[in-house]
Amino acid sequence: MAFDPAFTSSYLVAFIMGLFSSMHCIGMCGSIIGTLTLSLSPQIRQSKKRLLPFVFNYNIGRITSYTIAGALAGFIEVLLSMQLGEAHGHRMLQLLSATIMASAGLYIAGWFPRFAYIEKAGVHIWKKIEPYGRKLIPVKSLSHAYLFGMIWGWLPCGLVYAALTLAITAGDVSKSALTMLAFGLGTLPAVMGVGIMTSVLTRLSRMQRFKQAIGLFMIILALLSALPWLNPLAFSITHTALH
């Protein structure tokens, strides 16, 4: 994988964001998977071997929606760059991304609860999409589980929005989509683990020190995003390329 010296287009960063932010959102995602599970027949619910493909398809649908949202975010950078110039527009979006990422880190740590208000930005769209999800209940097939996941992937979430601001700075539409794909894959282990390691994951998600550590990590990512020349990984790769 090639790392962009600007750092914010690094798919690894997006993956790490997803990996750690999903621990904070395990309650929300867990309840949605619970809705999916309860809508299945008792024969499927009682067999983890038969249940797992439904949960997997749900998550692939959710990640598909994240990827589509990433592509849409990429168009925003294209449009802004046309208006402000490529370098200036990218820098503005980079600083915006860093600000929202840092706010998300403070929110995860429990130091900035008002960050949750950012979720109101997607409520209007969600009200139009959510009824289609209800029509898929009860879930009767793997394709229904996939579509159910695609719809619930648009559920308003401040941490997903933070990832989208990262995707906006990726450089083009395809990279923005791949950035959100990486973020979605980062959320997969924790969300798939619900029902398998529920007690462990729930205990971790409630530990204040654990959440503060994740929040601080997000803030560090935000600083490296705003000040990419401080990122030692990007510097070392750039230095190697010059030689």
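Sequence order sets the numbering: in each chain, residues are counted from 1 along the sequence as written. Since the coordinates come from a predicted model, pLDDT governs what is reported: local features require at least 70, and pairs of side-chain atoms require 80 or more to be given and counted, while whole-chain, interface and lining totals use all residues. Hydrogens and water are ignored here; the side-chain numbers use all heavy atoms of the structure.

Peer 1: How do you make sense of the nonpolar core when you look at a structure like this?
Peer 2: When a protein is soluble and globular, its nonpolar side chains tend to lie buried together. Met17, Val160, Met180 and Phe183 are the most contacted members of the largest nonpolar core, which totals 28 residues. For this core, the secondary-structure elements that each account for two or more residues are α1 (11–24), α4 (48–84), α5 (86–109), α8 (158–168), α9 (173–193) and α11 (208–226). In terms of residue count, α8 provides more of this core than any other element does, eight residues in total. Contacts are assigned to residue pairs that have any heavy atoms within 4.5 Å of one another. Setting aside its immediate chain neighbours within four residues, Val160 contacts Tyr66, Met180 and Phe183. Membership of the second largest hydrophobic core comes to 21 residues, among which are Tyr58, Leu136, Phe148 and Val191. The nonpolar core is taken to be a set of buried Ala, Val, Leu, Ile, Met, Phe, Trp, Tyr and Cys residues, with the residues joined through side-chain atoms within 4.5 Å. Relative accessibility thresholds used throughout: buried, under 20% of the residue-type maximum; exposed, over 50%; partly exposed, between the two (1.4 Å probe, protein chains only). Segments assigned H or I by DSSP are reported as helices when at least four residues long, segments assigned E as strands when at least two residues long, and all are numbered from the N terminus.

Peer 1: Quick question: what am I supposed to make of the packing of aromatic side chains here?
Peer 2: Each pair of aromatic rings is reported with the distance of its centres and the angle of its planes. Whether two aromatic rings pair depends on their centres lying within 6.5 Å, for rings of Phe, Tyr and Trp, where Trp uses its six-membered ring; planes under 30 degrees apart make the pair stacked, over 60 edge-to-face, and the rest tilted. Tallied over the full model, the rule gives five aromatic pairs. On the basis of an interplanar angle of 45° and a centroid distance of 5.7 Å, the ring pair of Phe148 and Trp152 is categorised as tilted. Taken together, the residues Phe148 and Trp152, both in helix α7 (residues 142–152) and four residues apart, mark about one turn of the helix. Residue classification places Trp152 among the buried residues on the basis of a relative accessible area of 18%.

Peer 1: What exactly am I supposed to notice about the environment of Leu12 here?
Peer 2: Structurally, the position occupied by Leu12 is in helix α1. For the pair formed by Leu12 and Ala182, sequence separation is 170 residues and the distance between their alpha carbons is 7.3 Å.

Peer 1: What exactly am I supposed to notice about the packing of helix α6 (residues 123–135) against α7 here?
Peer 2: When two helices pack together, their arrangement is given by the angle between the helix axes and the distance between those axes. Where α6 contacts α7, the axes come no closer than 9 Å and their chain directions differ by 165°. In this view, α6 runs roughly antiparallel relative to α7, as classed from their interaxial angle. Of the two possible hands of crossing, α6 and α7 adopt the one that is left-handed. Counting all contacts with α6, which are made through Trp126, Ile129, Tyr132 and Gly133, the residues of α7 involved are Phe148, Ile151 and Trp152. Per-class residue counts for the contact of α6 with α7 are six nonpolar, one polar and no charged. For helices, the fitted line uses only the C-alpha atoms of the stretch in contact; every axis is such a line through C-alpha atoms, and the angle between N-to-C directions lies from 0 to 180 degrees. For this classification, under 35 degrees means roughly parallel, over 145 means roughly antiparallel, 65 to 115 means roughly perpendicular, and everything else is oblique. Two helices cross in a left-handed way if the nearer one is turned anticlockwise from the farther one by less than a right angle. They cross in a right-handed way if the turn is clockwise. Ten residue types, Ala, Val, Leu, Ile, Met, Phe, Trp, Tyr, Cys and Pro, are classed as nonpolar, four, Asp, Glu, Lys and Arg, as charged, and the remainder, Gly among them, as polar.

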